Amino acid sequence: MEKLREALVAVLPIIVIVLFLCFSVAPISPSILLCFLIGAVLLILGMMFFTLGAELAMSPMGEKVGTCMTKSKKVSVIVSLSFLLGFIITVSEPDLQVLSNQVPSIPNAALIAAVAVGVGIFLALAVLRIVLKIDLSLLLIGLYVLLLAVSFFVPREFLSVAFDSGGVTTGPITVPFIMAMGVGLSSVRGDKEASSDSFGLVALSSVGPILAVLLLGCFYNPQEAAYAAGELVEVDTMRDVAKAFAFQLPPYMKEVFIAIAPILVMYGVFQGITRRYQHRQKLRIAVGFGYTAVGLVLFLCGVNVGFAPVGTQLGYQLAGTDKKWLLIPIGMLIGYFIVKAEPAIQILNHQVQSVTNGTVSASAMNRCLSVGVSVSVGLAMLRVLTGLPIPYIVIPGYFLALTLSRFVPKIFVGIAFDSGGVASGPMTSTFLLPLCIGACGSLGGNVMTDAFGAIALVALTPLIAVQIMGLQYKFKLGKVQRCALPAQIIPEDSDEIVEIEED
């Protein structure tokens, strides 16, 4: 019931906004609207089962794997296992198949292999950073300078797709497991900075796909990319609606099985070597994997069949009105609420609350991410209307985010850069991106340069929003400490998280 309430709170605002737009400024066909409502029901049920399954299976298993890897104390073993894990999970990620189909100039096998190698290398680097206690901020600065330097050699038509790939490939299967693995890795250390270093794995893993796709763009020199728009479902009866969703269930069941299978195999190998889990724990994990699979199938079917066509049609209708500027405030309103419907967001927020002992609450994270994604969707709509090149936003945005990382407590750096990868999930690629594409098509713009890049912007703005929250936290903490202990000198760069009780 708790997970059902969370799903309802996350999805209902989106349903209300879409229905209001459909019955006012952006009318759409009844068949598409009916599919949207059925999709919303599947979305709610999918989120409920997915978050419950991740809590029962994915997160505990990730923590155990991270703990055991660290206890081995063999750097070569830790790096090799991390690379293998990152490569296998990425190859099976459903969203990567979508990305490969959008870049016809590069063979699918080459693109998938390059992205998987990129994630594997950078996941290994992220794990090595925790073990060797390397400063996350300095590492991120160096990597993003490298990304921006490489981006100058990539064709303009390909740049947005490359930056979108960073958010696309860190999907709902990989994110809960990788985040939990970071907690397990850092828990073995036991020093005061362990909690800070538990975050950052998703952030570094997101760099790999961007760099891989940029490098492929340099070698293959693609002059164009393609977008395969989803077909509109026209239905006359409820039987047609049932057929539309039933027809899509088997492919998504296959995708989810392929995505979960490597983790199941790894769990079997891990259990066979360590004998870590007793019978009751094994049963709990099996049930958790079942919930995760069922939830993700329902979620993907709901958003792809019900939400994606509505996003495209809403964008087309809104851009076709006399008041095209309404795209920006409406997009910001949708962005504010839609991030809460991302399946992995709730996992991240609860993990942040747990690791910080409630100092950074899940509700505070929700508000912060909502504001960040709202701004990003507004910027995406501004690009659709004006054709503003994405480097004009991405370069100053990352410069600001990386500058802030030198002034906020370390734990907020990891949380911020992880949240960017988590926020740009399936809801972004199947609703917000089609919304931008529909608007761009209505205005006659270039889809590849003006519409693509929305995922990259959704992955960017949370970095800034969460770190601003970190600055506020640091200021309030220093003020409370100075009032409570006037005679004691408090180091300004203290990263220790303490609970603050209000009067």
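To keep things clear, this report deals only with the structure shown in the data block. The shown structure was predicted, so the numbers you read here are calculated from the model rather than taken from an experiment.

Let's talk about the overall build of the chain
In step 1: Of regular secondary structure, the chain possesses 20 helices and 0 strands.
In step 2: Taking all 503 residues of the chain together, the buried fraction comes to 56%.
In step 3: The long-range fraction of contacts in the chain, counting pairs at least 24 apart against all pairs at least 6 apart in sequence, stands at 85%.
In step 4: Carbon together with sulfur atoms contributes 65% to the accessible area of the chain, which is approximately 20800 Å² in total.

Here we look at a nonpolar patch on the surface
In step 1: There is a patch of nonpolar side chains on the surface, built from Phe83, Val117 and Ile121 and spanning about 220 Å² of accessible area.
In step 2: Topologically, Ile121 is positioned in helix H5 (residues 108-132).

What to know about the environment of Leu147
In step 1: Considering the arrangement of structural elements, one finds Leu147 in helix H6 (residues 136-151).
In step 2: The exposure class of Leu147 is buried, given its relative accessible area of 1%.
In step 3: Linking Leu147 and Leu214, residues 67 residues apart in sequence, is a C-alpha distance of 8.1 Å.
In step 4: Those residues in contact with Leu147 that sit more than four places away from it in its chain are Val207, Ile210, Leu211 and Leu214.

Describing the nonpolar core
In step 1: Ranked by internal contacts, the top residues of the largest apolar core, which has 162 residues, are Phe177, Met181 and Phe417.
In step 2: By residue number, the principal contributor to this core is helix H2 (residues 30-72), which donates 17 residues.
In step 3: Each residue touching Phe417, except ones within four places of it in the same chain, is listed here: Leu140, Tyr144, Ala203, Ala401, Leu402, Ser405, Leu463 and Gln467.

Regarding unusual backbone geometry
In step 1: A positive phi angle, near 60 degrees, is found at Lys133, a position not held by glycine.
In step 2: Structurally, Lys133 is set in the loop between H5 and H6.
In step 3: We classify Lys133 as exposed; its relative accessible area is 52%.

Some remarks on helix H14 (residues 343-355)
In step 1: Considered for burial, the residues of H14 that qualify are Pro343, Ala344, Ile345, Gln346, Ile347, Leu348, Asn349, Gln351 and Val352.
In step 2: Backbone geometry just downstream of H14 places Asn357 in the positive-phi region, at approximately 55 degrees.

The rules we used
Residues numbered from 1 in each chain as written. Predicted model: local features only at pLDDT ≥ 70, side-chain atom pairs only at ≥ 80, totals over all residues. Heavy atoms only, no water. Helix = DSSP H or I, 4+ residues; strand = E, 2+ residues; numbered from the N terminus. Buried < 20%, exposed > 50% of the residue type's maximum accessible area, 1.4 Å probe, protein only. Contact = heavy atoms within 4.5 Å. Areas by Shrake-Rupley, 256 points an atom, 1.4 Å probe, with all protein chains shown as cover. Patch = residues over 30% accessible without salt bridge, like charges linked within 9 Å, V, L, I, M, F, W, Y side chains within 5 Å. Salt bridge = Lys/Arg side-chain N within 4 Å of Asp/Glu carboxyl O. Core = buried A, V, L, I, M, F, W, Y, C linked by side-chain atoms within 4.5 Å.

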